[in-house]
Amino acid sequence: MQESDLSLLVTAARKAGTIATSYFGQSPKVTDKPDGAGPVTEADLAVDRMLGDFLRDKRPDYGWLSEESPDSAARLGTERQFVIDPIDGTRAFIDGTKDWSHSLALVEDGQVIAAAVYLPLHDLMFTAMAGGGAKVNDRAIRVSQAGLDRATVLGSKPNFAPHHWKDATLPPFKQAFRSSLAYRLCLVAQGRFDAMLTLRPSWEWDIAAGALIVAEAKGMVTDQTGTALQFNNPHPQVPGVIAAGHDLHASLAARLEPAQPKL
């Protein structure tokens with residue numbers, strides 16, 4: 001079943017790319033979500049509608065969690081759940097840059113079992129299946145083995161503020177940024193960057209697919225406290241994310257100040 005589910009996610013991701021690129025660069029309508037949750041475009045909503053119709057028609061007994069759909073406790077009683085971000089990196093999409101993605105995951109018993117992250121403007125399809133390895137455009141990928149002093153870490157600037165780090169001292173790594181959390185995770189899985197971290201509560205739809213892709217690329221993915229990630233939570237957030245090769249992950253976790261963020 002997993003293989004056919006992965007094929008379904010890939011097909012859906014490509015359909016999403018076709019819809020999103022038809023809006024890209026065309027000044028799509030933008031509105032702000034309530035409570036400062038960020039912008040949403042008519043492209044996000046169009047992709048969400050298509051994915052909801054397409055995937056739930058194919059798997060009507062699966063639960064549904066999407067950034068752009070109303071959440072329902074009904075998903076908690078299902079055996080498997082789709083966890084979807086129709087467009088991850090909406091601000092990049094609005095700004096006309098290419099680093100946005102479609103992030104699609106399938107969860108069972110709290111763990112991601114199949115994942116696809118698609119960047120249509122880069123023509124990159126990242127995929128993984130639990131126990132089956134990670135790929136980009138059907139080529140196997142693996143995390144880097146860089147140490148802390150030679151690493152480049154993906155993250156937004158607030159994560160590198162001194163107060164997050166022991167002795168208020170940032171470790172000797174380079175910093176980089178990409179708008180989409182899903183893409184950051186995939187870049188780590190691909191070995192193009194050495195680690196990514198986000199030290200704030202993270203929505204499941206941003207990270208579920210990428211987390212499996214990193215894990216299947218022989219990397220380590222946890223929340224910022226070092227605890228294994230669990231998905232399909234009643235409140236669908238996890239307390240931050242650290243993703244890297246095993247040794248680098250341990251080094252980063254050891255240098256961070258202890259934190260117990262409230263979800």
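Scroll up to find the structure.
Criteria and thresholds
Residues numbered from 1 in each chain as written. Predicted model: local features only at pLDDT ≥ 70, side-chain atom pairs only at ≥ 80, totals over all residues. Heavy atoms only, no water. Pairing = 2+ DSSP bridges. Helix = DSSP H or I, 4+ residues; strand = E, 2+ residues; numbered from the N terminus. Axes fitted to C-alpha atoms, helices over the stretch in contact; angles between N-to-C directions. Contact = heavy atoms within 4.5 Å. Buried < 20%, exposed > 50% of the residue type's maximum accessible area, 1.4 Å probe, protein only. Core = buried A, V, L, I, M, F, W, Y, C linked by side-chain atoms within 4.5 Å.

Pairing in this open sheet of 5 strands is mixed, and the strands run β11-β10-β12-β14-β13 from one edge to the other. Of all the strands in the sheet, the pair left with one neighbour each is β11 (174-176) and β13 (220-222). Neighbour-to-neighbour, the strand axes of this sheet turn through a mean angle of 20 degrees, independent of strand direction. The sheet contact formed by strand β10 (residues 152-154) and strand β12 (residues 195-203) spans 2 bridges and is parallel. Pairing of Leu 154 across the sheet is with Met 196, part of β12. Strands β10, β12 and β14 (237-244) of the sheet are contacted by helix α4 (residues 181-190), whose axis makes an angle of about 150 degrees with β12. Here helix α5 (residues 204-216) sits on the sheet in contact with β12, β13 and β14, set at roughly 145 degrees to β12.

Of all 8 residues in β14, 8 are buried; the element is thus mostly enclosed. Pairing analysis gives 7 bridges linking β12 to β14, with the strands arranged antiparallel. By the bridge assignment for β14, Thr 198 is matched with Val 241. Direction of pairing for β13 relative to β14: antiparallel, over a ladder of 3 bridges.

Moving on, we come to α4. When you tally the buried positions in α4, you get 9 out of 10 residues, the bulk of the element. The complete set of buried residues in α4 reads Leu 181, Ala 182, Tyr 183, Arg 184, Leu 185, Cys 186, Leu 187, Val 188 and Ala 189. Taken from the residues just after α4, Gly 191 is the one with a positive phi, measuring 80 degrees.

If you look at the biggest cluster of nonpolar residues, it comprises 42 residues, and the most contacted ones within it are Phe 126 and Ile 213. In contact with Ile 213, not counting residues within four places along its chain, are Ala 115, Val 117, Phe 126, Thr 127, Ala 128, Ala 134, Ile 141, Cys 186 and Ala 189.

Moving on: the sheet that holds strand β5 (residues 101-108). Strand order in the open sheet formed by 7 strands is β3-β4-β5-β6-β7-β8-β9, with mixed pairing between adjacent strands. The open sheet has two free edges, formed respectively by β3 (63-66) and β9 (139-140), since each of these has just one partner strand. Pairing between strand β4 (residues 80-88) and β5: 7 bridges, direction antiparallel. Each residue of the ladder has a partner; that of Gln 81, found in β5, is Val 107.

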